[in-house]
Amino acid sequence: MTDLLSREAVRLGLRAADRFDAVRQSGQALVDIGAVEPQYVDAMLERERQISTSLGEGFAIPHGTDESRKYINETRLTFLQFPDGVDWEDDRVVVCVGIAAVGEEHVGVLARLSRILVVPEQAAALRSASTVDEVLDVLGAIPGDGTVSEANVGRTPGAKEASA
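Residues numbered from 1 in each chain as written. Predicted model: local features only at pLDDT ≥ 70, side-chain atom pairs only at ≥ 80, totals over all residues. Heavy atoms only, no water.

Asker: When you look at the nonpolar core in this model, what are you seeing that I'm missing?
Answerer: One recurring pattern in soluble globular proteins is that nonpolar side chains are buried together. Counting residues in hydrophobic clusters, the biggest one holds 47 residues, and the most contacted among them are Leu5, Leu30, Val36, Phe79, Trp88, Cys96 and Leu126. Elements with a contribution of two residues or more to this core: helix 1 (19–32), helix 2 (39–50), strand 3 (59–60), strand 4 (76–88), strand 5 (91–100), helix 3 (105–117), helix 4 (120–128) and helix 5 (132–139). Ranked by residues supplied to this core, first place goes to strand 5 with 7 residues. Once you skip the residues sitting within four places of it in the chain, valine 36 turns out to touch Gly27, Leu30, Val31, Tyr71, Ile72, Asn73 and Ala100. (Core = buried A, V, L, I, M, F, W, Y, C linked by side-chain atoms within 4.5 Å. Buried < 20%, exposed > 50% of the residue type's maximum accessible area, 1.4 Å probe, protein only. Helix = DSSP H or I, 4+ residues; strand = E, 2+ residues; numbered from the N terminus. Contact = heavy atoms within 4.5 Å.)

Now the structure itself:
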């Protein structure tokens, strides 16, 4: 099974003119990794016009409409970082986690992401990550597994593992 978040889906140090440009880039990243057809990007922009996908804490979760699921090839995530931030209605977003979900998998993704974001050190680590490995460390992506590791969800990059 393909990972939900693969190395090629993590893009750091980007710039966006506005939130719609950031959503467009998130959608294009999903297209680039083969997760969606190009029409899905338009649906992501439509969703953003309907309701902001900002979660607060500098994070947004661009995704398409329910009707756009027909353009999804496989459930995947992208991680795009905009270090200078992007004005997003009442927030300034630094990280966009683009979501393409065939079924209801996005509910679990959102739950895991929210658990990460409630820990200020983890949210800060994602906002300031300078390498793909740092991002994958915090999010707990396991190559080949296709899930975000519950064992890694509480870890901060570079933290030593406790031994018994």
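Asker: Could you clarify how one ought to interpret helix 4 in this entry?
Answerer: One full turn of an α-helix is made of 3.6 residues, so residues set three or four places apart face in the same direction. Among the residues of helix 4, Gln122, Ala123, Ala125 and Leu126 are the ones counted as buried. Each buried residue of helix 4 lies within a common arc of 160° when the element is viewed along its axis, so the set occupies one face. Across helix 4 from its buried face, at more than 90 degrees, point the exposed residues Pro120, Glu121 and Ser128. Looking at the buried residues of helix 4, the elements they touch are strand 3, strand 4, strand 5, helix 3 and helix 5. (Arc of directions from axis to C-beta.)

Asker: Explain the pattern of salt bridges to me, please; I cannot follow it from the model alone.
Answerer: It is possible for side chains of opposite charge to pair when their charged atoms get near one another. With the rule as written, the count across this model stands at 9 salt bridges. A salt bridge links aspartate 133 to arginine 7, with the nearest nitrogen and oxygen atoms 2.6 Å apart. Of this pair, aspartate 133 sits in helix 5 while arginine 7 sits in the segment before strand 1 (10–11), and the two are 126 residues apart along the sequence. Accessibility expressed as a relative area gives 48% for arginine 7, which makes it partly exposed. In this structure, glutamate 89 and arginine 19 form a salt bridge, with 3.5 Å as the shortest nitrogen-oxygen distance. Residue glutamate 89 is located in the loop between strand 4 and strand 5, and its partner arginine 19 is located in helix 1; the two are separated by 70 residues in the primary sequence. Accessibility expressed as a relative area gives 55% for glutamate 89, which makes it exposed. (Salt bridge = Lys/Arg side-chain N within 4 Å of Asp/Glu carboxyl O.)

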